Amino acid sequence: MFTTGQWTFAAIFFVSFVIIAYFVYKKDKPTHQREYKGSYKVLLGFLFFIAMLFVIKLLMKH
C-alpha cells in the first residue's frame, strides 16, 4: 500500500511538525494566556454539546 520511502517521509514530516509546533506554541504561550482567558469554557461547552448529541442519538435509537 505504501512504500518504505513514503513511510519514512511521513515519519520525518510528523516528527518535524510536532517539534516546530511545540516551539511556536512555547514562544506564543504568554500571548495566549493573556488574550484567550476563559477559552477553555468554550471548549467544555462544545464537548458537552457533542456529548449531548450522542446521548440523544442513543436514546432515539431504542
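Before reading further, recall that the structure is shown in the block above.
We now turn to the structure provided with this report.

Calculation criteria
- Residues numbered from 1 in each chain as written.
- Predicted model: local features only at pLDDT ≥ 70, side-chain atom pairs only at ≥ 80, totals over all residues.
- Heavy atoms only, no water.
- Helix = DSSP H or I, 4+ residues; strand = E, 2+ residues; numbered from the N terminus.
- Rg over C-alpha atoms; globule rule 2.2 N^0.38 Å.
- Buried < 20%, exposed > 50% of the residue type's maximum accessible area, 1.4 Å probe, protein only.
- Areas by Shrake-Rupley, 256 points an atom, 1.4 Å probe, with all protein chains shown as cover.
- Patch = residues over 30% accessible without salt bridge, like charges linked within 9 Å, V, L, I, M, F, W, Y side chains within 5 Å.
- Salt bridge = Lys/Arg side-chain N within 4 Å of Asp/Glu carboxyl O.
- Phe/Tyr/Trp six-rings, centres within 6.5 Å; stacked < 30°, edge-to-face > 60°.

1. Focus: the overall build of the protein chain
- If you tally the helices and strands in the protein chain, you get two helices and zero strands.
- Computed over C-alpha atoms, the radius of gyration of the protein chain comes to 20 Å, more than 25% over the 11 Å expected from 2.2 N^0.38 for 62 residues, which places it beyond the range of a compact globule.
- In terms of overall dimensions, the protein chain has C-alpha extents of about 50 × 45 × 10 Å along its principal axes.
- Looking at the protein chain as a whole, 0% of its 62 residues are labelled buried.
- With an accessible surface of roughly 6400 Å², the protein chain has 75% of that area assigned to carbon and sulfur atoms.

2. Details of a nonpolar patch on the surface
- There is a patch of nonpolar side chains on the surface, built from Phe 9, Phe 13, Phe 14, Val 15, Phe 17, Val 18, Ile 19, Tyr 22 and Phe 23 and spanning about 1000 Å² of accessible area.
- Along the chain, the position of Phe 9 falls in helix 1 (residues 4–35).
- Under the relative-accessibility criterion, Phe 9 is labelled exposed at 58%.

3. With respect to the packing of aromatic side chains
- Per the counting criterion, the structure on display carries four aromatic pairs.
- Between Phe 2 and Trp 7 the ring centres are 5.4 Å apart and the planes differ by 80 degrees, which places this aromatic pair in the edge-to-face class.
- Residue classification places Phe 2 among the partly exposed residues on the basis of a relative accessible area of 48%.
- Taking 6.3 Å as the distance between ring centres and 15 degrees as the angle between the ring planes, the aromatic pair formed by Phe 13 and Phe 17 counts as stacked. With a gap of four residues between them, Phe 13 and Phe 17 both fall in helix 1, about one helical turn apart.
- Each residue in the set Phe 9, Phe 13 and Phe 17 is aromatic and connected to the rest through ring pairs, giving one cluster.

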